[in-house]
Amino acid sequence: MRDDELTERPSRGWTPWKEGNGEADIDKVWWAARCLHFPKLNVSVWFDGSDMVGLAHWGYRREKWCMRLTPKDWQPLPDVYRLERERGSRKRSIAGGQK
């Protein structure tokens with residue numbers, strides 16, 4: 001099987017493939033999405049509920065990623081939740097540095 005057959009882009013409604021890791025871009029748009037990693041497949045997949053919203057290939061191939069286009073009624077992450085996430089990540093990084 002050829003490499004381009006392994007990385008075929010999902011159907012319409014998705015962004016074009018982009019180089020590198022799209023984790024930050026996907027998290028900015030799909031803030032409720034949770035990531036699952038599949039090491040044997042060299043793939044990370046983001047799910048918002050039961051909908052797949054992001055896909056990243058990594059490992060022995062060049063890193064490539066794509067994500068579902070944002071819905072028309074998309075809203076950014078409310079500031080209250082964003083600040084709480086930032087505070088939590090700072091706590092974890094401080095706790096990790098004290099080991």
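First, a word on what this report is: a plain description of the structure on this page.

Calculation criteria
- Counting from 1, residues in each chain are numbered in the order their sequence is written.
- Restriction of local features to residues with pLDDT of at least 70 applies here, the model being predicted, together with a cutoff of 80 or more for giving and counting side-chain atom pairs; totals for whole chains, interfaces and linings are based on all residues.
- Side-chain calculation: all heavy atoms of the structure are included, whereas hydrogens and water are not.
- Secondary structure counts use DSSP, requiring at least four H or I residues in a row for a helix and at least two E residues in a row for a strand, with both numbered from the N terminus.
- We call two residues in contact whenever any of their non-hydrogen atoms come within 4.5 Å of each other.
- One speaks of a salt bridge when a side-chain nitrogen belonging to Lys or Arg is within 4 Å of a carboxyl oxygen belonging to Asp or Glu.
- Only protein chains enter the accessibility calculation, which uses a 1.4 Å probe; a residue is then buried when its area is under 20% of its type maximum, exposed when over 50%, and partly exposed in between.

1. What to know about the environment of Lys18
Structurally, the position occupied by Lys18 is in strand 1 (residues 18-19). Distance from Lys18 to Trp65, taken between C-alpha atoms, is 5.5 Å for residues 47 residues apart in sequence. Beyond its immediate chain neighbours, meaning those up to four positions away, Lys18 contacts Glu63, Lys64 and Trp65.

2. Observations regarding the pattern of salt bridges
As enumerated under the stated definition, the model contains one salt bridge in all. The salt bridge partner of Arg87 is Glu84, with a shortest N-O separation of 2.7 Å. Here Glu84 and Arg87 lie together in helix 3 (residues 79-97), a separation of three residues that amounts to about one turn.

3. Section: unusual backbone geometry
For Asn42, which is not glycine, the phi torsion reads 55° and is therefore positive. One can find Asn42 in the loop between strand 2 (34-38) and strand 3 (43-48). Assessed through its relative accessible area of 14%, Asn42 is described here as buried.

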